[in-house]
Amino acid sequence: MSPAPPLVLTVAGSDSGGGAGIQADLKTMLALGVHGMSVLTAVTAQNSRGVHGVWELPEDAVRAQYRAVVDDIGVHAVKTGMLATAPLVETVAALLAGTPGVPVVVDPVGVSKHGDPLLAASALESVRATLLPVATVATPNLDEVTQLTGIVVEDEAGMRRAADAILAYGPRWALIKGGHLPGDAAEVVDLLTDGTEEHWLYAPRHDNRHTHGTGCTLASAVASGLAKGLPVPKAVREAKAYVTGALAAGFALGEGIGPVDHGWEHRR
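All of the points below concern the structure found in this document. (Residues numbered from 1 in each chain as written. Predicted model: local features only at pLDDT ≥ 70, side-chain atom pairs only at ≥ 80, totals over all residues. Heavy atoms only, no water.)

**Quick look at the overall build of the chain**
Turning to step 1, where the next piece is worked out: Of the regular secondary structure elements, the chain holds nine helices and nine strands.
Turning to step 2, where the next piece is worked out: On C-alpha atoms alone, the chain measures out to a radius of gyration of 17 Å, which is about the 18 Å that the 2.2 N^0.38 rule sets for 268 residues.
Turning to step 3, where the next piece is worked out: Along the first, second and third principal axes, the C-alpha set of the chain runs to 50 × 40 × 40 Å.
Turning to step 4, where the next piece is worked out: Restricting the contact set of the chain to residue pairs at least 6 apart, pairs at least 24 apart contribute 68%.
Turning to step 5, where the next piece is worked out: Element-wise, carbon and sulfur atoms account for 55% of the exposed surface of the chain, whose accessible area totals about 11,200 Å².
Turning to step 6, where the next piece is worked out: The positive charge centre, built from 19 side chains, and the negative charge centre, built from 28, are 4 Å apart in the chain. (Helix = DSSP H or I, 4+ residues; strand = E, 2+ residues; numbered from the N terminus. Rg over C-alpha atoms; globule rule 2.2 N^0.38 Å. Contact = heavy atoms within 4.5 Å. Areas by Shrake-Rupley, 256 points an atom, 1.4 Å probe, with all protein chains shown as cover. Lys, Arg positive; Asp, Glu negative; His and termini not counted. Charge placed at Lys NZ, Arg CZ, Asp CG, Glu CD.)

Shown next as structure tokens:
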């Protein structure tokens, strides 16, 4: 009998199209050699063209799933994604605060790849006040930075200002994802910082529109690295390398935006 691999828990919504959300998280975790577990926060009716419906689960259901997993199986890292409403954000934040010593990666999901809202405007203050303070790493994209801080990022200097603003809410590290920077630079840049040290992470920009699930995949990959005991900078670098390969291999699905390929290393 083999020993159990590192254990990673995703607390997020379901994407019925399989490209993002819980489905992307579990695929990422499998690809990276950890055991993925899940707490479902919401169900979406979603495909390559957009989100057609959202149904949040009750807080009691979210709490019961979390306790069932953590109290019996245990966990080495947690990743949060779509939390939808202020009560769900606050419920999850309280659960995480009650699980000390476990690294937490917060992907503050605000909108889908298609521009559909996945977080109520009324929940933004709960994210700032209760969720970000329990995060080991927060991974906002530039649209989410603007939602949370009001800062509009247009260059690398703006990314540094954004990181400072996110860190002010309490996470130990901020990973500001620069994929949406204006212009057509040949490279994509992200900034990882804890306010003292900075890591600028560059990767080639791939001419591929099939990028659904990128944020979920990156956050899950970071959580997988932390569960293995990697320090934050190394976990993020390895996660970015994995996501860069998945982006390059993204494939068409349906009539809209297809997903990144979580199994790209196995199909290469």
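**A word on the pattern of salt bridges**
Turning to step 1, where the next piece is worked out: In this structure the tally under the stated criterion is ten salt bridges.
Turning to step 2, where the next piece is worked out: Residue Glu 125 pairs with Arg 128 through a salt bridge whose shortest N-O separation is 3.0 Å. In this pair, Glu 125 and Arg 128 both sit in helix H4 (residues 124-131), three residues apart, roughly one turn of the helix.
Turning to step 3, where the next piece is worked out: Judged by its relative accessible area of 47%, Glu 125 is partly exposed. (Salt bridge = Lys/Arg side-chain N within 4 Å of Asp/Glu carboxyl O. Buried < 20%, exposed > 50% of the residue type's maximum accessible area, 1.4 Å probe, protein only.)

**So, the packing of helix H7 (residues 214-227) against helix H8 (residues 232-248)**
Turning to step 1, where the next piece is worked out: Interaxial distance between H7 and H8 falls to 8 Å at its minimum, and their mutual angle equals 140 degrees. Regarding the angle of H7 to H8, the classification is oblique. As for the relative orientation of H7 and H8, their crossing is right-handed in sense. Seen from H7, the contacting residues are Thr 214, Thr 217, Leu 218, Ala 221, Val 222, Gly 225 and Leu 226; seen from H8, they are Val 232, Ala 235, Val 236, Ala 239, Lys 240, Tyr 242, Val 243 and Leu 247.
Turning to step 2, where the next piece is worked out: Broken down by class, the residue content of the contact of H7 with H8 amounts to eleven nonpolar, three polar and one charged. (Axes fitted to C-alpha atoms, helices over the stretch in contact; angles between N-to-C directions. Parallel < 35°, antiparallel > 145°, perpendicular 65-115°, else oblique. Left-handed = near helix turned anticlockwise from the far one by under 90°. Nonpolar A, V, L, I, M, F, W, Y, C, P; charged D, E, K, R; others polar.)

**Points about the nonpolar core**
Turning to step 1, where the next piece is worked out: Membership of the largest hydrophobic core comes to 50 residues, with the highest contact counts inside it found for Leu 9, Val 11, Tyr 66, Val 78 and Ile 176.
Turning to step 2, where the next piece is worked out: A total of seven residues in this core trace back to one element, the largest contributor, which is helix H3 (residues 86-97).
Turning to step 3, where the next piece is worked out: Contacts of Ile 176, omitting those with residues within four sequence positions, involve Pro 140, Leu 142, Val 145, Met 159, Ala 162, Ala 163, Ile 166, Asp 190 and Leu 191.
Turning to step 4, where the next piece is worked out: If you look at the next biggest cluster of nonpolar residues, it comprises 28 residues, including Leu 32, Trp 173, Val 222 and Val 260. (Core = buried A, V, L, I, M, F, W, Y, C linked by side-chain atoms within 4.5 Å.)

**Focus on the side chain of Thr 193**
Turning to step 1, where the next piece is worked out: With respect to the helices and strands, the residue Thr 193 is situated in strand S8 (residues 187-193).
Turning to step 2, where the next piece is worked out: One polar contact links the side chain of Thr 193 to the main-chain amide nitrogen of Gly 195, over a distance of 2.9 Å.
Turning to step 3, where the next piece is worked out: Not counting residues within four places of it along the chain, the set of residues in contact with Thr 193 comprises Ala 163, Leu 167, Arg 172, Trp 173, Ala 174 and Glu 198. (Polar contact = N/O pair within 3.5 Å; in protein donor to acceptor, adjacent residues only side chain to side chain.)

**Here we look at the packing of helix H2 (residues 59-72) against H3**
Turning to step 1, where the next piece is worked out: Axis separation between H2 and H3 bottoms out at 10 Å; the angle between their running directions is 25 degrees. One element, H2, and the other, H3, form an angle in the roughly parallel class. Relative to H3, the crossing made by H2 is right-handed. Here Glu 59, Val 62, Arg 63, Tyr 66 and Arg 67 of H2 lie close against H3, whose contacting residues are Pro 87, Leu 88, Thr 91, Val 92, Leu 95 and Leu 96.

**What about the sheet that holds strand S2 (residues 35-47)?**
Turning to step 1, where the next piece is worked out: What the nine strands build is an open sheet, ordered S3-S2-S1-S4-S5-S6-S7-S8-S9; its pairing is mixed. Only two strands of the sheet have a single neighbouring strand rather than two, namely strand S3 (50-56) and strand S9 (198-204).
Turning to step 2, where the next piece is worked out: Sheet topology note: the S2/S3 ladder contains six bridges and is antiparallel. Residue pairing for S3: Asn 47 is matched across the bridge by Gly 50.
Turning to step 3, where the next piece is worked out: Docked against the sheet, H7 engages strand S1 (7-15), strand S4 (77-80), strand S5 (104-106), strand S6 (137-138) and strand S7 (173-177), running at close to 170 degrees with respect to S4. (Pairing = 2+ DSSP bridges.)

**Side note on H2**
Turning to step 1, where the next piece is worked out: Under the 1.5 Å per step criterion, the end-to-end length of H2 is 20 Å for 14 residues, consistent within 8% with the ideal 20 Å.
Turning to step 2, where the next piece is worked out: For H2, the full list of buried residues reads Val 62, Tyr 66, Val 69 and Val 70. Projected down its long axis, H2 shows its buried positions confined to an angular sector of 90 degrees, all on one face. Opposite the buried face of H2, by more than 90 degrees, sit the exposed residues Asp 60, Ala 68, Asp 71 and Asp 72.
Turning to step 3, where the next piece is worked out: A positive phi of about 90 degrees marks Gly 74, the residue just after H2. (Expected span 1.5 Å × (residues − 1). Arc of directions from axis to C-beta.)

**A look at the pairing of S2**
Turning to step 1, where the next piece is worked out: Note: S1 against S2, nine bridges, orientation parallel. The partner of Ala 12 across the bridge, within S2, is Leu 40.
Turning to step 2, where the next piece is worked out: Crossover connection from S1 via helix H1 (residues 21-31) to parallel S2: handedness right-handed. (Right-handed = clockwise from strand over helix to strand, strands pointing away.)

From the geometry alone we can't say anything about function, so treat these as descriptive.
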